[in-house]
Amino acid sequence: MNLRHLGSLVLLLALTTSSALAQDLSLDKRIHSFELKNGLKVLILERHISPTVALYLAYRVGAVDEQEGKTGTAHFLEHMMFKGTKTIGTRNQAKEERLLNKILKTGKRLDQEINRGEKADKEKIEALKRTLAHLKKEHRKWMISNEIDRLYTEAGAININASTGQDITIYHASFPANKIELWMRVESERMKEVVLREFYEERNVVLEERKQRKEANPQGALYEAFMSLAFQRHHYRRPIIGWAEDVARLQPEDLISFKRKLYVPNNATIAIVGDVDAKKTLKMVKTYFGAIPRAYLQTPPIPDEPVLKGEKRISLDVKASPQIMIGYHKPPAPHPDDYVFDLIESILSRGRSARLPKRLVDEKAIALSVEAQNGLPGSRFNNLFIIFGRPRDGKTNAELMAYIDEILEELKNREIDDQELEAAKNNIVADFVRLQESNEGMARMLAYNQAIIGDYRYTFTYLGRIKEITPADIRRVAQKYLIKNGRVIATID
Amino acid sequence: MVGMGKHILALLLTTLLFSTPSWATNPWKDPERIKYPPLRFSPPPVKKEKLPTGITVFFLENHELPIVHISLLIRAGSIYDPPGKEGLAELTAQVMRTGGAGKWTGDEIDVRLDRMAAHIEPIVRDEFVLWRINALSKDVKEVWEIFQTILRNPVLDPRKLKTALDLKKGELKRLSDIPDKFAFREFQRLYFRGNLQGRQPTEASLDNISREDIVEFHRRHYFPENITVAVSGAVRREEIFSLLTVTFTEAWSNQPLPLAISPPNISLPDKPQCLIKDTPQAVIITGHPAPPRLSPDYYAFEVLDFILGSGGFRSRIFQEVRTNQGLSYATGSFYRPKNNYGLFGTYAITQNKSAFLAFSTIERILLNIQKDLGNKEVERAKNAIIHSFVFDYSTPRQIVEREAEAFFFGWPDDFWSSYIRRVKEVSLSMVTTVARKYLVPHQMMVFILGKEEACTQFQKYERMDRKP
């Protein structure tokens, strides 16, 4: 997710358009920003184009905050957050509670037996499976499955979903403007506590998701191998969805403990964009979220990544067409050089006339596709500038890479001309305007910048920094970071 | 100590799962009892006007952001590919965009558009091409000038055609890398085999396409009578209409063609169709003929599809295959209504060893819904469809494109304005009736992509109800 730089473009637009237009786009003045006593940040933007509202709840927590051996916790918890609460999803809380505890005990014993591997007692496993199936059947009598989604869907909500990243977890939905109270009611209760119904079934779903994204999909497999090579010690080396072996062993208490430490109001941001009255909406937020106590944030220590002397390569043995990823280590936002990388990304791959597609897809006919992306896999720690490429039929990754190197060398050796620089900046501007067209785009951007950068206004100040970037800055940054020392290359050949 | 350990664990779990925090003073009110204010919903009126050449323009002015969208729906989709030249419609659109126009080369156009950060891109579908143009308001005149030259006087540079052909062939070669994408393509080909809708570009069909074919396709499909226009954003009516009038006023030489598309003649194979591929997961897709969009059954079938598998977590397929059985991450249903035919499908991506289990679960759901559907489930689905309707009117571009789409396909003038009323009229018996009418077991195609292990599970498959 590379939204933060999109946020910086309002000002740039002001530079390239009339002053009247710039005034129209001063959205920062229209944003109502509050912090509740418990530390919850609330951002509200009134927009009255249609009677709809985008609601985003971002927790500054992700896969990077997991303990070793517990990878996949953040993402699995995100799935489980849809399983209901104490009051939503139950027909009889007391009966459910008794059964759930039996299910979890039996499930744990089953896991323990299975994890003994060849020494496992097969009869015991079968017996435990039968017991578990029986308990689950009983439990179904007292629970109401998928009730949160049912409530939201029937109210007319769309885009009901959540996403887990290395740095952040975002829950979002768009509601008809008259029904946002339902969102407040549900989200506040699940911020406080969630009931882990259907835990073992959902763990299987996550393992299927992993297969679909990482094992059946060569691009997913390559990305995973690339990141685990790029970072030796830092948690960014681990896949967000988790290693299959870790996920298969996760227990309910792992998720609950993770949630208690980090799903707290002082680690969360709510962004609301759409047809609302800011004052009334804030009152509603206070009513529902105000009583949730703040907590001391506990995250495991995250080791620094040592500086690597040399280059790292991996060739993945996967039956698929060739593709390549090339990564360079760099600092994250708001480091001054990160802004420059956003522009380099634009110069290299935004628009049909950008250097990578123009030269390698069109002129040299060496690539099927090639693009650059700044800021992966996250933005809370030092991250990567990555080039993704797919060679044409009959061409190799090595040939494609030689051309990519040539283009990167040009960035170091020759200053970019004004016209190309202007196009690169303008492309970022226009993307920003397009993003603002939807309530969802705007809400996501505000929530992300507040949660990750720590200030939603980053969206509106960053632009001045972009404006100041000169051709010499681009050359300097390219010379400093786009170097073979520390470079990471992963291929399917 | 072991026993104690167990008790501690049980206690811990109890605490973790059901503890009531001391600060929780206010019991949560039942979400069903929340009182909502009425929704104020009056979509801004879209202006519908005709240019002198007969082109219809849908227009909505909105100045919140300094951006203009122009969308053109053109009867130039892939269904019009001549036999043996599948891929022609797509290549025509691509090379119009990249191969230069008037006095400009394609590269010059790219540089000019990128400098203005404007987009001109075609999206090629089966029955139409949607050209989307967007630009900052200050650039709209210059961007439209480029686009209208692309539309009327494309150069179709042979070098750019070669690039487009190579890229398309490269993508085709890589199709099987992504099993689910590959499976849906093969499903479409098999379901519609022998019909226009089942044709797909292949390396051989692409090799048959010459520049002359592109010139001819452009001549036959890109002319005013084949085009519907939608404009929205920060532009005054007078300004945009004067631009459009200059483009479309002069009569182009082409004459309208009889472009009605016959409904496909579907003849489904009796046995499940399997494509063996060494992949960690099997993809199972089913297909049934379903009501066309203009059929009286359309609204009831929308509700049925929602209940079966497109209506979120609680829809029957998702609930059973994913939530209850944990078999699949991606599962559900889809309904594609066209003017004179429709397709209803279901899908599940699951482990090879679970392929038949996932399929038979879905098959049972399709049969059971004909018997056990209740009023509450129907009303909930209707509520969801009706309440979310407002999201089709979220942005000015969405609003004008919807109106343009309805006009382009010849749907009744009140198609969208009567939509909510028509959904409200759907009753339990109507949904049950369409379920029985369309979800007929012997009119279902079953397609599996997966390992041999997955396919062999279907060898003894007999339809649950073989009675016609």
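What you see is a predicted model; the values in this text were computed from it and never measured.

Along the backbone of chain A there are 19 helices and 11 strands. The globule rule puts the C-alpha radius of gyration for 493 residues at 23 Å, and the 24 Å found for chain A is close to it. Projected onto its principal axes, the C-alpha coordinates of chain A cover approximately 70 × 60 × 35 Å. A burial count over chain A gives 56% of its 493 residues as buried. Partitioning the intrachain contacts of chain A with sequence separation of at least 6 by distance along the chain shows that 81% fall at a separation of at least 24.

Below, the discussion takes up the interface of chain A and chain B. If you look at the interface, chain A gives 80 residues, while chain B gives 70 residues. Take the side of chain A that touches chain B: its biggest share by element is 10 residues, from helix α16 (residues 418-436) of chain A. Each residue belonging to the side of chain A that touches chain B can be placed in one class, and the counts come to 31 nonpolar, 22 polar and 27 charged.

Another point: the domain arrangement of chain A. Residue and element names in this part refer to chain A. We note that the domain assignment places domain 1 (53-289) and domain 2 (312-492) within chain A. Taking the mean C-alpha position of each, domain 1 and domain 2 sit 32 Å from one another. Secondary-structure elements contributing two or more residues to the side of domain 1 that touches domain 2 are β3 (52-59), β5 (169-176), α9 (218-230) and β6 (268-274). A per-element tally of the side of domain 1 that touches domain 2 places α9 first, with 9 residues. Looking at side-chain class alone, the side of domain 1 that touches domain 2 contains 19 nonpolar, 9 polar and 2 charged residues.

This part covers the sheet that holds strand β1 (residues 31-35) of chain A. Residues and elements named next belong to chain A. Taken together, the 6 strands give an open sheet; going across it, the order is β1-β2-β6-β3-β5-β4, and neighbouring strands pair in mixed fashion. Two strands lie at the open edges of the sheet, namely β1 and β4 (158-164), each paired on one side alone. The mean inter-strand angle of the sheet, taken between neighbouring strand axes irrespective of direction, is 10 degrees. Strand direction decides the pairing type here: β3 and β5, joined by 8 bridges, are antiparallel.

Time to look at the nonpolar core. Core analysis: the biggest nonpolar cluster contains 261 residues, and A:Ala58, B:Ile284, B:Val303 and B:Ile448 have the highest contact counts within it. Discounting residues that sit within four places of it in the chain, B:Val303 has contacts with B:Val378, B:Ala381, B:Lys382, B:Ile385, B:Val423, B:Val426 and B:Val431.

Each strand in a sheet pairs with another by means of backbone hydrogen bonds, the pair being arranged parallel or else antiparallel. Residue and element names in this part refer to chain A. Pairing in this open sheet of 5 strands is mixed, and the strands run β7-β11-β8-β10-β9 from one edge to the other. Both edges of this open sheet fall to β7 (312-316) and β9 (367-376), since each of them pairs with a single strand only. Strand-to-strand twist across the sheet, computed as the mean angle between neighbouring axes with direction ignored, equals 15 degrees. Of the strand pairs in this sheet, strand β8 (residues 323-330) and strand β10 (residues 383-391) are connected by 7 bridges, and their pairing is antiparallel. When the sheet's bridge partners are listed, Ile-326 is paired in β10 with Ile-387.

With that settled, the discussion passes to the pairing of β8(A). Residues and elements named next belong to chain A. The element β8 is extensively covered by neighbouring structure, given that 7 of its 8 residues are classed as buried. Here β8 pairs with strand β11 (residues 488-492) via 5 bridges, running antiparallel. Residue pairing for β11: Met-325 is matched across the bridge by Ala-490.

Here we take up the domain arrangement of chain B. Frequently, the measure chosen for interface size is the accessible area that the parts lose on association. Residues and elements named next belong to chain B. Here chain B is described as being made up of domain 1 (47-248) and domain 2 (273-456). Taking the mean C-alpha position of each, domain 1 and domain 2 sit 30 Å from one another. Taken together, the contact between domain 1 and domain 2 spans 25 residues of the former and 23 residues of the latter. Put simply, the parts of the chain that give the side of domain 1 that touches domain 2 at least two residues each are β2 (56-61), β3 (67-74), α6 (179-191) and β6 (227-233). Of all the elements, α6 adds the most residues to the side of domain 1 that touches domain 2, at 9 residues. By residue class, the composition of the side of domain 1 that touches domain 2 is 14 nonpolar, 8 polar and 3 charged.

Take the environment of A:Tyr56 next. Residues and elements named next belong to chain A. Within the secondary structure, Tyr-56 sits in strand β3. Looking at Tyr-56, the number of C-beta atoms within 10 Å reads 26, which means it is buried. In sequence terms Tyr-56 and Glu-198 are 142 residues apart; their C-alpha atoms lie 26 Å from each other. With sequence-adjacent residues up to four places away left out, Tyr-56 is seen in contact with Ile-170, His-172, Ala-271, Ala-443, Arg-444 and Ala-447.

Conventions and cut-offs
Residues numbered from 1 in each chain as written. Chains lettered and ligands numbered in written order. Predicted model: local features only at pLDDT ≥ 70, side-chain atom pairs only at ≥ 80, totals over all residues. Helix = DSSP H or I, 4+ residues; strand = E, 2+ residues; numbered from the N terminus. Rg over C-alpha atoms; globule rule 2.2 N^0.38 Å. Buried ≥ 20, exposed ≤ 12 C-beta atoms within 10 Å, placed from the backbone. Contact = placed C-beta atoms within 7 Å. Nonpolar A, V, L, I, M, F, W, Y, C, P; charged D, E, K, R; others polar. Domains from an automatic or database assignment. Pairing = 2+ DSSP bridges. Axes fitted to C-alpha atoms, helices over the stretch in contact; angles between N-to-C directions. Core = buried A, V, L, I, M, F, W, Y, C linked by C-beta atoms within 7 Å.

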